[in-house]
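# Residue-level structural notes
Residue-level listing of the chains:
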Amino acid sequence: MLPQLIAIAVLAQTPQPFPKPGAARPQAPAEQPAASAPVVPQRVAPPSNAEPTEATLGVAIYPGAEFLVSYDAGKGQRYYLFGTNADFAEIVNYYRTVLKQKGELVYEEPPIQEFDIGKYREDTMAFPPSVTVKDYAWGGAAGYMNPKRGKPPDRFKTIIQIVPGSPQ
């Protein structure tokens, strides 16, 4: 059975020759399929380097964290990345205190802690409003590479991702 399937697949993929002069042309289908709406590719906004403030984010930024970049999350939302060389546990404790919540340890290895900062509305949001902290130096890793080439530090031990509650 398998050799027959392979033979059928090979025949189905065999290119057909160009029509020869004088050869009968294939008949057009009697009924044309309904025209479908043209597919319009979604435009993805490029990364932004416009530095946000605590007021525009609606949440505190860890002191000394360096703004790296923001990306279009879809549905009018953006998410913002900040880098720091403070320890993961220190940053998690900071946000536990500032946000007055425990947060959720999403992964143990590498450690990722998430704090909800607003209500998720599926119809208007791509991501839940949150502060997510990830340890990029876990297990001896070198850290998250600084996207600002030539600007120190070369790598960050910890990254903070902020998804504001309202579109920015």
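We now turn to the structure provided with this report. Because the structure is predicted, anything quoted here is derived from the model rather than measured.

Rules of the game
- Residues numbered from 1 in each chain as written.
- Predicted model: local features only at pLDDT ≥ 70, side-chain atom pairs only at ≥ 80, totals over all residues.
- Heavy atoms only, no water.
- Pairing = 2+ DSSP bridges.
- Helix = DSSP H or I, 4+ residues; strand = E, 2+ residues; numbered from the N terminus.
- Axes fitted to C-alpha atoms, helices over the stretch in contact; angles between N-to-C directions.
- Contact = heavy atoms within 4.5 Å.
- Buried < 20%, exposed > 50% of the residue type's maximum accessible area, 1.4 Å probe, protein only.
- Expected span 1.5 Å × (residues − 1).
- Arc of directions from axis to C-beta.
- Phe/Tyr/Trp six-rings, centres within 6.5 Å; stacked < 30°, edge-to-face > 60°.

### What to know about the sheet that holds strand S4 (residues 111-116)
Strand order in the open sheet formed by six strands is S1-S2-S8-S5-S4-S3, with antiparallel pairing between adjacent strands. Here the strands that pair on one side only, and so sit at the sheet edges, are strand S1 (66-74) and strand S3 (104-108). Ignoring strand direction, the axes of neighbouring strands in this sheet form an average angle of 20°. Alignment of S3 against S4, held across four bridges, turns out to be antiparallel. Directly across from Glu-108, in S4, lies its bridge partner Pro-111. Sheet contacts for helix H3 (residues 88-99): strand S2 (77-84), S4, strand S5 (130-135) and strand S8 (158-163); angle to S4, the most-contacted strand, approximately 10°.

### Here's the deal with unusual backbone geometry
With omega at -10°, the peptide bond leading from Glu-109 into Pro-110 counts as cis. If you trace the backbone, Pro-110 turns up in the loop between S3 and S4. Note that the residue after Pro-152, namely Pro-153, is joined by a cis bond; omega there is -5°. Mapping Pro-153 onto the fold places it in the loop between strand S6 (144-145) and strand S7 (155-156). With a phi angle near 55°, Lys-75 is a residue other than glycine that sits in the positive phi range. Relative to the helices and strands, Lys-75 resides in the loop between S1 and S2. Of note, Lys-100 is a non-glycine position whose phi angle comes to about 55°, a positive value. In this structure, Lys-100 sits in the loop between H3 and S3. For Lys-100, a relative accessible area of 72% puts it in the exposed group.

### Remarks on H3
Look at H3: 16 Å from first C-alpha to last across twelve residues, which is about the 16 Å you get at 1.5 Å a residue. For H3, the full list of buried residues reads Phe-88, Ile-91, Val-92 and Tyr-95. The arc that holds every buried residue of H3, seen down its axis, measures 100°, which confines them to one face. Looking one or two residues beyond H3, the residue adopting positive phi is Lys-100, at roughly 55°.

### Some details on the packing of aromatic side chains
All chains considered together, the criterion is met by eight aromatic pairs. Look at Tyr-94 and Tyr-95: their rings are 5.0 Å apart centre to centre, the planes differ by 85°, and that puts the pair in the edge-to-face class. Taking the relative accessible area as the measure of exposure, Tyr-94 reaches 22% and is therefore partly exposed. What makes Tyr-95 buried here is its relative accessible area of 0%. An angle of 75° between the planes, with centres 5.0 Å apart, marks the rings of Tyr-136 and Tyr-144 as edge-to-face.

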